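# Analysis of the macromolecular model
Residues per chain are reported as follows:
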Amino acid sequence: MNKPKIASDWMCGCAGCHMSLLDMDERILRIVELADLRATPITDLKEPDESGVDVGVLEGGINNTANEEVAHKMRACAKILVALGDCAVFGGVPAMRNFCGVEEALRRAYVEAESNEAGSEIPNDPELASMTQTRAIHEVVPVDYNVPGCPPDPDVIFHVLSELAQGRKPELKDDLLHWH
């Protein structure tokens, strides 16, 4: 029997959720026994299999067109999609930018910041992603499981991945439903 394939990616966030995944320590070996850990930001393989994966895990919110593309691509190739962390589930800290708007945030960062040189401009290269309002993943693509936390506790990540790898539905309650 083939192991279920798991892939992950990160978008608008701090990468803390993947660091928390690494904090599972030796339990990562248990996940690798149960599942085929494919493309992730912390492995050499960066793109999910073209043939698809069983579980896709996305960290971070969506704040630009490149993030939208990543979310759509992962949703299209994953049978089950997990939103990992507060940024993925709620928009998190990056969503605070929504209060001032994209243009004002870009102007402050690239034009008005004290560390900028005189005459600095907002980058405008067609190869760059276009900034958008920061959104939770479920606002862009359907999500099957939300794992909140900033970052989620390694015990919770282990529970979710091990349950999914064994074909079970992870249930987050009691000690597994705590936010940092």
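Residues numbered from 1 in each chain as written. Predicted model: local features only at pLDDT ≥ 70, side-chain atom pairs only at ≥ 80, totals over all residues. Heavy atoms only, no water.

### Here we look at the overall build of the chain
Just so we agree on the cut-off: To qualify as a helix, a DSSP run of H or I must reach at least 4 residues; to qualify as a strand, a run of E must reach at least 2; elements of each kind are numbered from the N terminus. We compute the radius of gyration from the C-alpha atoms alone; for a globule the expected value is 2.2 Å times N to the 0.38, where N is the number of residues. The buried label applies to any residue whose accessible area, calculated with a 1.4 Å probe on protein chains only, is under 20% of its type's maximum; exposed applies above 50%, and partly exposed to all values in between. Contacts: residue pairs with any heavy atoms within 4.5 Å of one another. Where accessible areas are quoted, they stem from the Shrake-Rupley method and a 1.4 Å probe; at the residue level, only the protein chains shown are allowed to cover. Asp and Glu count as negative and Lys and Arg as positive, but His and the ends of the chain are not part of the count. Charged side chains are reduced to one point each, which is NZ for Lys, CZ for Arg, CG for Asp and CD for Glu.
When helices and strands are counted, the chain shows six helices and seven strands. The helix and strand sequence of the chain, counted from the amino end, reads β-α-α-β-β-β-α-β-α-α-β-β-α. The globule rule puts the C-alpha radius of gyration for 180 residues at 16 Å, and the 18 Å found for the chain is close to it. For the chain, the spread of C-alpha atoms along the principal axes amounts to about 60 × 35 × 30 Å. Taken across its 180 residues, the chain has 46% of its residues classed as buried. Across the chain, every contact between residues at least 6 apart in sequence was considered, and the portion connecting residues at least 24 apart equals 78%. For the chain, the accessible surface area stands at approximately 10200 Å², while carbon and sulfur atoms represent 52% of it. Side-chain charges in the chain split into 16 positive and 31 negative, and the spacing between the mean points of these groups amounts to 7 Å.

### Some points on the pattern of salt bridges
For side chains of opposite charge, pairing can occur when their charged atoms come near one another. We count it as follows: Salt bridges are counted wherever a side-chain nitrogen of Lys or Arg sits within 4 Å of a carboxyl oxygen of Asp or Glu.
Scanning the model with the defined rule gives 13 salt bridges in all. Asp 36 is the partner of Arg 38 in a salt bridge, and the nearest nitrogen-oxygen pair spans 3.6 Å. Arg 38 sits in the partly exposed class, given a relative accessible area of 25%. Residues participating in the shared-partner salt-bridge network are Lys 5, Asp 36, Arg 38 and Asp 49.

### Side note on unusual backbone geometry
A cis amide bond, omega -5 degrees, links Cys 150 with the succeeding residue Pro 151. With respect to the helices, strands and loops of the structure, Pro 151 is situated in the loop between β7 (145-147) and α6 (154-165).

### Description of the packing of helix α2 (residues 27-34) against α6
Which entries qualify depends on this criterion: Only C-alpha atoms enter the line fits that serve as axes; for helices the fit covers just the stretch in contact. Angles between N-to-C directions range over 0 to 180 degrees. Comment on the angle field: the value is read as roughly parallel under 35 degrees, roughly antiparallel over 145, roughly perpendicular from 65 to 115, and oblique elsewhere. Here a crossing is called left-handed whenever its near helix is offset anticlockwise from the far helix by less than a right angle, and right-handed whenever the offset is clockwise. Asp, Glu, Lys and Arg are counted as charged, while Ala, Val, Leu, Ile, Met, Phe, Trp, Tyr, Cys and Pro are counted as nonpolar; the rest, among them Gly, fall into the polar class.
Between α2 and α6, the shortest axis-to-axis distance is 9 Å and the interhelical angle comes to 15 degrees. In terms of axis orientation, α2 runs roughly parallel to α6. You can see that α2 and α6 cross each other, and the crossing is left-handed. From α2, Arg 27, Arg 30, Ile 31 and Leu 34 reach across to α6, where they touch Pro 154, Asp 155, Phe 158, Leu 161, Ser 162 and Ala 165. Split into classes, the residues belonging to the contact of α2 with α6 amount to six nonpolar, one polar and three charged.

### A few points about the pairing of strand β5 (residues 78-84)
Spelled out, the test is: Any two strands with at least two DSSP bridges between them are considered paired.
The buried fraction of β5 amounts to five of the seven residues, a majority that puts the element mostly inside the structure. As paired strands, strand β3 (residues 53-59) and β5 are joined by six bridges and run parallel to one another. The partner of Val 53 across the bridge, within β5, is Ala 78.

### Comments concerning helix α5 (residues 102-112)
The condition that has to hold: It is the directions from the helix axis to the C-beta atoms whose arc is reported.
Regarding α5, the residues found buried are Val 102, Ala 105 and Leu 106. Down the axis of α5, the smallest arc covering the buried residues is 95 degrees, so these residues share one side. On its buried face, α5 sits against β6 (131-135).

It is worth stressing that arrangement in space is one thing and function is another; only the former is reported here.
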